[in-house]
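Analysis of the macromolecular model
Chain by chain, the residues run as shown.
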Amino acid sequence: VRKYPSHPADDGVQTEEAAPAAEADLEADLLERSLDIAALVAERDGYLDQLQRTAAEFANFRRRTENERVQDRKNAARDLLAQLVPVIDDFERALINAPSELADDAWVNGVLLIEKKLMGVLERADVHKIDALGQPFDPAVHEAVAYDPNSTENMVVEVYQNGYTLGNQLLRPVMVRVGNLPEVG
């Protein structure tokens, strides 16, 4: 505990030598206290800076984690939808190969309704069939598995397997034969 010089009125006697010494002690004490205050302010500012950086890092972490979660959900949905596309192919093949005498059969109509329902689900999930027949060949969405060697055009003349998009992304390319379009006459 620091003792401060007593007030001159307290002891009743003031000497001329005691006044400058007391003033010097007060100035030294004031200087020491202002240095202590400056150190505390610097320490406070350091803690505040560290807190702000930590808060910013946490906000970035939270945003990055949420973005990863959203991307994971999109990838999972994309993977699931990509697995459903071959089921549509199977429905289409089954309906194309159904005997003509069964065209009005309730069972065939039921399968047709199931295929339409599945296509509706996919369309609501933003999955769409790529229209390729008669279109110019585009390697971004078409996979050419056959090519007419005598052709001069690069047009899709036959579709072997339908392709699909999910929004703006390619889910599966269209497997096609490329060549000249047959002349319509």
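The structure presented is a predicted model; accordingly, all values stated were derived computationally and were not measured.

What about the sheet that holds strand S3 (residues 155-161)?
Note: strands within a sheet are paired through backbone hydrogen bonds, in either parallel or antiparallel orientation. The strand order S2-S6-S3 describes an open sheet built from three strands, whose pairing is mixed. Edge positions in the open sheet fall to strand S2 (142-147) and S3, since each of these has one partner strand only. Strand-to-strand twist of the sheet, defined as the mean angle between neighbouring strand axes without regard to direction, takes the value 40°. Here five bridges tie S3 to strand S6 (residues 174-179), and the two strands are oriented antiparallel to one another. Pairing of Met-155 across the sheet is with Gly-179, part of S6.

What about the environment of Glu-153?
By the element assignment, Glu-153 lies in the loop between S2 and S3. Along the sequence, Glu-153 and Val-178 sit 25 residues apart, while their C-alpha atoms lie 8.1 Å from each other. Every residue in contact with Glu-153, bar those within four places of it in the chain, is listed here: Tyr-147, Val-178, Gly-179, Asn-180 and Leu-181.

A word on the nonpolar core
Leu-81, Val-85, Ile-88, Phe-91, Val-111, Leu-118, Met-119, Leu-122, Val-127, Tyr-164, Leu-166 and Leu-171 form the largest nonpolar core, which has twelve residues in total. Listing elements by their share of this core, those giving two or more residues are helix H2 (18-96), helix H3 (106-124) and strand S4 (164-166). When near neighbours in sequence (up to four residues on either side) are disregarded, Ile-88 contacts Glu-115, Leu-118, Met-119, Leu-122 and Tyr-164. Formed by six residues, the second largest nonpolar core is a distinct cluster that contains Ile-130, Ala-132, Val-176 and Val-178.

Examining H3
With 19 residues, H3 should reach 27 Å at 1.5 Å per residue; the first-to-last C-alpha distance of 27 Å fits that figure. Residues of H3 that are buried include every one of Val-108, Val-111, Glu-115, Leu-118, Met-119, Gly-120 and Leu-122, and no others. The opening residue of H3, the one whose side-chain oxygen lies 3.0 Å from the backbone nitrogen of Trp-107, is Asp-105. A positive backbone phi angle near 70° is found at Asp-126, which sits one or two residues after H3.

Overview of the side chain of Glu-92
Summarising the element assignment, Glu-92 is placed in helix H2. Not counting residues within four places of it along the chain, the set of residues in contact with Glu-92 comprises Glu-115, Lys-129, Asn-162 and Tyr-164.

Brief notes about unusual backbone geometry
In this structure, Asp-126 takes a positive phi of about 70° despite not being glycine. As for its placement among the helices and strands, Asp-126 is situated in the loop between H3 and strand S1 (127-129).

Reading guide: rules and limits
Residues numbered from 1 in each chain as written. Predicted model: local features only at pLDDT ≥ 70, side-chain atom pairs only at ≥ 80, totals over all residues. Heavy atoms only, no water. Pairing = 2+ DSSP bridges. Helix = DSSP H or I, 4+ residues; strand = E, 2+ residues; numbered from the N terminus. Axes fitted to C-alpha atoms, helices over the stretch in contact; angles between N-to-C directions. Contact = heavy atoms within 4.5 Å. Core = buried A, V, L, I, M, F, W, Y, C linked by side-chain atoms within 4.5 Å. Buried < 20%, exposed > 50% of the residue type's maximum accessible area, 1.4 Å probe, protein only. Expected span 1.5 Å × (residues − 1). Polar contact = N/O pair within 3.5 Å; in protein donor to acceptor, adjacent residues only side chain to side chain.

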